[in-house]
Amino acid sequence: MPQFKREDEEKNLAERMDAELAAAKPIESPDQMTPLYRESLINLLYMQADSELAGALGYVPCVSMSPLVEEYLASSMIVKDEFRHARVVYKLLENLGEDVEAHVRQYDYTYRIDHAVENIGSQRAADDKRVNIFYYPIESWVDFCMFNFCMDRGAGHQLEDSLEASYKPWARVLEGIFKEEKFHIAHGDNWVKRLAQDPQTHDAAQASLNKWFIRTMNIFGRPNSPKNKIYREIGLKKRDNHAVRLAFAQEVADRCKENGLKLPEWKPDWENLPWDAYVVG
Ligand SMILES: [Fe+2]
Ligand SMILES: [Fe+2]
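Each value, and the rule that gives it
- Residues numbered from 1 in each chain as written.
- Chains lettered and ligands numbered in written order.
- Predicted model: local features only at pLDDT ≥ 70, side-chain atom pairs only at ≥ 80, totals over all residues.
- Helix = DSSP H or I, 4+ residues; strand = E, 2+ residues; numbered from the N terminus.
- Buried ≥ 20, exposed ≤ 12 C-beta atoms within 10 Å, placed from the backbone.
- Contact = placed C-beta atoms within 7 Å.
- Core = buried A, V, L, I, M, F, W, Y, C linked by C-beta atoms within 7 Å.

Trainee: Where do I start with the overall build of the protein in this structure?
Mentor: Counting its secondary structure elements, the protein contains nine helices and zero strands. When the helices and strands of the protein are listed from N to C terminus, the series reads α-α-α-α-α-α-α-α-α. Classification of the 281 residues of the protein by burial places 39% in the buried group. If you take every contact in the protein between residues at least 6 apart in sequence, the share linking residues at least 24 apart comes to 73%.

Right, here's the structure in full:
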C-alpha cells in the first residue's frame, strides 16, 4: 500500500508542476491563477510591501540627520518613495482580495531591536513580514548612506529578478520602483565615496560597512531553496537566491576597491538562513 501511495503522490506532484508551468505565461487577473501561484504571489507581495513600509518608517528619523540643506530634500524624497512603494504593492494585494488594512493594523512597523544588538543573523524579531534587516535601527547619517549603499543595492538586485514577472500588474509596478531604487543607490554611492575618501570620516564609513554589508548578505536566502525553485518555475523570479547574492557582493566589492574600503568577510550560516529570497525595494 505505501508503494501505491508514493506513486499517487508522485503523479499529483507531476500534475501540479505541469499546471504551474502552464501558469508561467503572462497572468493579468486572479482567475488565471492556480492556488499555488496565488499563494506564492501573495507571500512575495506581503514581504515586499511590509519591507517598504517598515523601511519608510525607519528612514523618517534620518531626514533630521541631514548634514546639508539639499540633503533634507534628498532624504525626504527617499522616504516618500518608500511610502509610495508600500502603497502600490499593498494596492496589488487589495486587488487580489486581501484585507490590507487589517493586516497592517496587526503590527508595529516602527518597531526596532535594541541598537546594541550587532547581528541577529537570519532570525526574525516580530511577526510582520518585513525582511529582517528592517528590524535594525538606522542611527546616523553615515548609517543611512551605508544602508542606501548596501540594502537598496541588494533590494535592487532582487527587484531586477522580478522585473519580467509572469504576474504583469506586479511587473508594471516594479518598473517604476526599480527606477526610484536606482536613485537611492546613487545617493548611497555618492555619499559612501565622499565619506570613505575623507580621512575624518573614513573609519566611521568602514565600521558602518562592516555592519550593513553582513546584514544585507543575510537577506537573500539559501542556495537551492525549494520555494525559490517554485517562484522560478511559475515565472515570478529568475535566478537562484545565491546567484542574486553573488551579483550583489561583486558590485559592492568593486565599489569598495574604488573607495579604499575593505570588504568585510561574510561567513554563511546556511543552517539558520531563511529558505526564501525576498523581493524588496
Ligand atoms: Fe529604497
Ligand atoms: Fe523601496
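Moving on from the coordinates now.
Trainee: Is there a simple way to think about unusual backbone geometry in this case?
Mentor: Working note: non-glycine residues mostly have negative phi, and peptide bonds are mostly trans. At Asn224, a residue that is not glycine, the phi angle is positive and equals roughly 55°. Tracing the sequence through the fold places Asn224 in the loop between helix 7 (202–217) and helix 8 (226–233). In this structure Asn224 comes out as exposed when scored by C-beta crowding, with 11 C-beta atoms within 10 Å.

Trainee: I'm lost on the nonpolar core in this one. Help?
Mentor: Core analysis: the biggest nonpolar cluster contains 59 residues, and Cys145, Met146, Cys150 and Val192 have the highest contact counts within it. When contributions to this core are tallied by element, the ones reaching two or more residues are helix 2 (35–63), helix 3 (69–95), helix 5 (141–161), helix 6 (168–197), helix 7 and helix 9 (241–259). Not counting residues up to four positions away in its chain, the partners in contact with Cys145 are Gly188, Trp191, Val192 and Leu195.

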